[in-house]
Amino acid sequence: MTRVSFIVPAYNEAATLGEVLRRVEALDLEKQIVVVDDGSTDDTPRLLEEWSSRNGFHVIRQENRGKGAAIRAAIPYLDGDIAVIQDADMEYDPKEVPELIEPIRRGAADVVFGSRLSGGRPQRAYLFWHLVGNRFLSLLTNVLYNTTLSDMETGYKAFRADVLRSLDLREDDFAIEPEITAKVCKRKLRVYELPISYYGRSYAEGKKITWRDGFKAVFVLMRVRFTD
Ligand SMILES: Nc1nc2c(ncn2[C@@H]2O[C@H](COP(=O)(O)OP(=O)(O)O)[C@@H](O)[C@H]2O)c(=O)[nH]1
Ligand SMILES: [Mg+2]
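Here is a short report on the structure shown in this document. (Residues numbered from 1 in each chain as written. Chains lettered and ligands numbered in written order. Predicted model: local features only at pLDDT ≥ 70, side-chain atom pairs only at ≥ 80, totals over all residues. Heavy atoms only, no water.)

1. A word on the overall build of the protein
Part 1 of the reasoning: In terms of regular secondary structure, the protein is built from eight helices and seven strands.
Part 2 of the reasoning: On the principal axes, the C-alpha backbone points of the protein span a range of 45 × 40 × 35 Å.
Part 3 of the reasoning: A total of 228 residues make up the protein; the buried ones form 52% of that total.
Part 4 of the reasoning: For the protein, the proportion of contacts with a sequence separation of at least 24, taken over those separated by at least 6, is 79%.
Part 5 of the reasoning: Of the roughly 10600 Å² of accessible surface on the protein, 54% is carried by carbon and sulfur atoms.
Part 6 of the reasoning: One way to put it: in the protein the 33 positive side-chain charges average out to a point 4 Å from where the 35 negative ones average out. (Helix = DSSP H or I, 4+ residues; strand = E, 2+ residues; numbered from the N terminus. Buried < 20%, exposed > 50% of the residue type's maximum accessible area, 1.4 Å probe, protein only. Contact = heavy atoms within 4.5 Å. Areas by Shrake-Rupley, 256 points an atom, 1.4 Å probe, with all protein chains shown as cover. Lys, Arg positive; Asp, Glu negative; His and termini not counted. Charge placed at Lys NZ, Arg CZ, Asp CG, Glu CD.)

Shown next as structure tokens:
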């Protein structure tokens, strides 16, 4: 049976992390869960304490350096055939993971992006400028790498685990998303997209990404294309 490694970056996510972990745990998959909590100041550490003795559950702690650093810290611990990045904030529903990884299981894909912009699934209507920014970044990705992605910033990205290990990721913050997208496209891997639901949260609810990350994404997409 295919083993699936969930990478869960969690920074001050006590309000939702428990439910996310329960939903992941409930999936009928052979799995491993690696949570990276780098300096949360809410109840996240206590909650993880309760889970830490479970089989296939691993917690990594380090100094706070951003989502990218958290994902990178998890990679050496992965023992699955497939790796999925699972945000801890309930914007992405773990129930959709079996569908997301299916093209990899079947041997058709090396990487699958869950798209919030390809239609057909519930999407919270809000944050117009995020939509514009995301469409622009996806268009730029498509032009630079001759591809057809609709949502390069999506948090749901699934990989053959060996492919994820080989990407040589370096970004610490939210620039990890364009870095992954760019490196995956540049390597000419078999990338697929699937529609996923998006239960977007507001800044008041704890969202952390900002317009600065959007500008940095442009830079990273260009840099990987022309130099790395
Ligand atoms: N470990 C860790 N996780 C982070 C950090 N920054 C963001 N995350 C996690 O990355 C995921 C996405 O962050 P979020 O703020 O929802 O980003 P957005 O939805 O893209 O605006 C969530 O699970 C966050 O807890 C960080 O500095 N450290
Ligand atoms: Mg989020």
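Here the narrative resumes.
2. As for the site of ligand 1
Part 1 of the reasoning: Neighbouring ligand 1 are 20 residues, the closest being P9, E13, D38, D89 and E91.
Part 2 of the reasoning: Starting from 570 Å² of accessible surface for ligand 1 in isolation, the protein chains cover 94%.
Part 3 of the reasoning: Per-class residue counts for the shell around ligand 1 are eight nonpolar, three polar and nine charged. (Near = heavy atom within 4 Å. Nonpolar A, V, L, I, M, F, W, Y, C, P; charged D, E, K, R; others polar.)

3. Looking at helix 4 (residues 97–105)
Part 1 of the reasoning: Where helix 4 is concerned, the buried positions are V97, L100, I101, P103 and I104. Around the axis of helix 4, the buried residues are gathered within 140 degrees of arc, so they sit on the same side.
Part 2 of the reasoning: On its buried face, helix 4 is in contact with strand 1 (3–9), strand 4 (82–85), strand 5 (111–115), strand 6 (157–160) and strand 7 (191–195).
Part 3 of the reasoning: Looking one or two residues past helix 4, G107 carries a phi angle of roughly 85 degrees, positive in sign. (Arc of directions from axis to C-beta.)

4. What about the coordination of the magnesium ion (ligand 2)?
As a benchmark, a tetrahedral metal site with four donors has ideal angles of 109.5 degrees, while an octahedral site with six donors has ideal angles of 90 or 180 degrees.
Part 1 of the reasoning: Within the protein, the magnesium ion (ligand 2) binds to D89 (OD) and E91 (OE); these donor distances fall in the range 2.0 to 2.1 Å. Across the pair, exposure class does not vary: D89 and E91 are buried alike. (Donors = N, O, S within 2.8 Å, 3.2 Å for Na, K, Ca; no water.)

5. With respect to helix 5 (residues 128–145)
Part 1 of the reasoning: Between its first and last C-alpha, helix 5 extends 26 Å over 18 residues, near the 26 Å set by a 1.5 Å rise per residue.
Part 2 of the reasoning: By the burial criterion, the buried members of helix 5 are N134, L137, S138, L140, T141, N142, L144 and Y145.
Part 3 of the reasoning: Where helix 5 is buried, its residues touch helix 7 (176–186) and helix 8 (211–226).
Part 4 of the reasoning: Looking at the residues trailing helix 5, positive phi occurs at N146, about 50 degrees. (Expected span 1.5 Å × (residues − 1).)

6. Focus: the pairing of strand 6
Part 1 of the reasoning: Looking at chain direction, strand 4 and strand 6 are connected through three bridges and run antiparallel. Opposite I82, over in strand 6, you have R160 as the bridge partner. (Pairing = 2+ DSSP bridges.)

7. Some details on the nonpolar core
Part 1 of the reasoning: F159, L164, L167, I180 and L221 are the most contacted members of the largest nonpolar core, which has 36 residues in total.
Part 2 of the reasoning: Those elements that place two or more of their residues in this core are strand 2 (30–37), helix 3 (67–74), strand 4, strand 5, helix 5, helix 6 (161–165), helix 7 and helix 8.
Part 3 of the reasoning: Counting residues per element, this core draws most heavily on helix 7, which supplies five residues.
Part 4 of the reasoning: Residue contacts for F159: discarding those within four places in its chain leaves D81, I82, A83, I85, I104, D110, V111, L164, L167, I180 and V184.
Part 5 of the reasoning: One finds V20, V24, L47 and A88 within the second-largest nonpolar core, a separate group that totals 31 residues. (Core = buried A, V, L, I, M, F, W, Y, C linked by side-chain atoms within 4.5 Å.)

8. As for the pairing of strand 3 (residues 57–61)
Part 1 of the reasoning: Bridging between strand 2 and strand 3 involves five bridges; their strand directions are parallel. The residue of strand 3 that forms the bridge with V36 is I60.
Part 2 of the reasoning: Handedness of the crossover joining strand 2 and strand 3 through helix 2 (residues 44–51): right-handed. (Right-handed = clockwise from strand over helix to strand, strands pointing away.)

9. Considerations on the side chain of T141
Part 1 of the reasoning: Mapped onto the fold, T141 is located in helix 5.
Part 2 of the reasoning: Judged by its relative accessible area of 0%, T141 is buried.
Part 3 of the reasoning: Other than its neighbours up to four places away in sequence, T141 contacts N146, T147, L149, M152, T181, C185 and L221.

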